[in-house]
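For reference, the chains in residue letters:
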Amino acid sequence: MSEPKLSEVKKYLSSIIKINKKYVTTERLSKVVGIYPEVINETLNYFNPMIKMDPEYNLMELVPTLKKFVSDKEDEKTNSLVKKPQPQRITEHYDSIGDFVYRKMTVAGGLLDKNINLSDLDLRILKKLINEEQQKRKKK
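What you see is a predicted model, and the numbers here were worked out from it, not measured in a lab.

Some thoughts on the side chain of Asp122
- Here Asp122 shows up in helix H7 (residues 120–139).
- In contact with Asp122, other than residues within four places in its own chain, are Phe100 and Lys104.

Okay, structure coming up:
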């Protein structure tokens, strides 16, 4: 059984709370939300399997469970959005463009390998080194 989408659970939870009745069935919730009761049953089946079998199940009993699910998911989301520390400048390892070419594009003895394939990271480093060199020349 797959986990329901957070947006769907939030929508159902807010609608259940807004109905403001002591007894809320999937039929009543479907009229408020505008979704078939079977679809609501499928989604909320994750929290309590009895919902599918009992059409008169009171969804107000699920409110604490739904609130806990939403808060847990939002906590996960905020934890994953924490900024990671920036790595050191990747161009620090190379003094110049020539140094990069010598280290990355030569084989033993300093012979240039014309068939070298640079990775995306290597290309970004080379691009930054070129930009730095151009800025130095503009200043002069």
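Don't stop here, the text continues.
A word on the pattern of salt bridges
- Summed over the entire model, instances satisfying the criterion amount to eight salt bridges.
- A salt bridge links Lys68 to Asp72; its shortest N-O distance comes to 3.2 Å. Of the two residues, Lys68 and Asp72 are both situated in helix H5 (residues 63–80); the distance of four residues between them amounts to about one turn of the helix.
- Judged by its relative accessible area of 36%, Asp72 falls in the partly exposed class.
- Notably, a salt bridge pairs Glu76 with Lys73, separated by 3.9 Å at the nearest N-O pair. Placement of both Glu76 and Lys73 in helix H5 is noted, with a separation of three residues, approximately one turn of the helix.
- Through salt bridges with shared partners, a single network forms among Glu3, Lys73 and Glu76.

Reading guide: rules and limits
Residues numbered from 1 in each chain as written. Predicted model: local features only at pLDDT ≥ 70, side-chain atom pairs only at ≥ 80, totals over all residues. Heavy atoms only, no water. Helix = DSSP H or I, 4+ residues; strand = E, 2+ residues; numbered from the N terminus. Contact = heavy atoms within 4.5 Å. Salt bridge = Lys/Arg side-chain N within 4 Å of Asp/Glu carboxyl O. Buried < 20%, exposed > 50% of the residue type's maximum accessible area, 1.4 Å probe, protein only.

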